[in-house]
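Analysis of the macromolecular model
So you can see what is in the structure, the chains are spelled out below.
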Amino acid sequence: MNDVQQMPGSRGIGYCGRNRVAPGGHGPGRRLAHSGLHVLLTLESLVVVLISVNRKAHGTLASVADNEFLRWVDVGNMLLALCTVLLYYLVTAHVVQNGPKRRGRGLLALGALFTAGTYLYALSFGDHEITNYLHGRFCSASFPPICQIVAFNDDVFSDVVFLTGFTLLNVAVMLAQLFFPTDRAPLAWDNALLTVNALFIGAGITANVAFEKAGFDVWVVGATTILALALLRMSPRQPLLRYYAMVYTTGSLATCVVKMQ
């Protein structure tokens, strides 16, 4: 008989006939160890693609209402930013729930860091999308004082806030993986999918940093790259740390190539 016998205190470790399921979750023929995580990361990559489509599509430049207070492209960017934050939250929750059950200051610190990143990330979109629309519509030809203020919010301030919020969100996710490590090492197909999704996000970082005028973006991304690689060195078997190391290394190298042109 091939009855499943649950081992006392094993949390899902057991036997099925003669085929033992390993503590790391790798049964015979298993190709993925982190399928749930890959779904979330693929959705993040899809959001990056949709952001590009939203910005490039001509139909999104139409006004939302008769008073022309905003364009569809601006609304789309804000909605996609909401999707991004929700996915970051789901990834973080996935890591915490599948890691060791820890409580205390570490979890509170992660929550505070994630909340701060979310606030700043949302603030940057609220500032940028509106001032970008006003800048392009009313201030393209002349620069009275009001247009100088609009342009500064569009090109500088919102960029600083965006980069700060985006960095805090990603650091929070990386630290969650470090504080709540999984005991399932990535398999070959896991690494392949991590690489593919990392390339999408790395391309998004390059698009947002390499073509901006503010030079501090490069330094922030470079510092985050060093942090990602340092965390990976500390815990090389963790899938999200591998993912983020590839994301930021790709983004940094591509940005350096573009900046040197």
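Please read these numbers as outputs of a predicted model, since none were measured by experiment.

All told, the structure shown has seven aromatic pairs when counted by the stated rule. When the centroid spacing of 5.8 Å and the interplanar angle of 75 degrees are considered together, the rings of Phe125 and Phe162 count as edge-to-face. Linking Phe125 in helix 3 (residues 105-138) with Phe162 in helix 4 (residues 145-179), this pair joins segments that are 37 residues apart in sequence. Phe125 gets classed as buried once you look at its relative accessible area, which sits at 10%. Since its relative accessible area comes to 16%, Phe162 is described here as buried. A centroid spacing of 5.3 Å and a plane angle of 80 degrees characterise the contact between Tyr243 and Tyr244, whose relative ring orientation is edge-to-face. Among the residues examined, Tyr243 registers a relative accessible area of 1% and is labelled buried. Accessibility expressed as a relative area gives 3% for Tyr244, which makes it buried. Connected via pairs of aromatic rings, a cluster forms that spans Tyr121, Phe125, Phe162 and Phe166.

Another point: the state of the cysteines. Scanning the entire structure with this criterion turns up one disulfide. Between Cys139 and Cys147 runs a disulfide, and the two sulfur atoms are separated by 2.1 Å. The S-S bond linking Cys139 to Cys147 shows a torsion near -75 degrees; that makes this disulfide left-handed. Of the residues examined, Cys139 reaches a relative accessible area of 3% and is grouped as buried. Residue classification places Cys147 among the buried positions, given a relative accessible area of 4%.

Residue placement: His94 occurs in helix 2 (residues 72-98). Considered as a pair, His94 and Leu37 are 57 residues apart in the sequence and their alpha carbons are 7.3 Å apart. Setting aside anything within four residues of it in sequence, one finds His94 in contact with Gly36, Leu37 and Leu40.

Among the secondary structure elements, Gly117 is positioned in helix 3. According to the relative accessible area criterion, Gly117 is buried, its value standing at 0%. Residues Gly117 and Leu169, 52 residues apart in the sequence, show an inter-C-alpha distance of 4.9 Å. Setting aside anything within four residues of it in sequence, one finds Gly117 in contact with Gly165, Leu168 and Leu169.

Cut-off values and rules
Residues numbered from 1 in each chain as written. Predicted model: local features only at pLDDT ≥ 70, side-chain atom pairs only at ≥ 80, totals over all residues. Heavy atoms only, no water. Phe/Tyr/Trp six-rings, centres within 6.5 Å; stacked < 30°, edge-to-face > 60°. Helix = DSSP H or I, 4+ residues; strand = E, 2+ residues; numbered from the N terminus. Buried < 20%, exposed > 50% of the residue type's maximum accessible area, 1.4 Å probe, protein only. Disulfide = S-S within 2.5 Å. Contact = heavy atoms within 4.5 Å.

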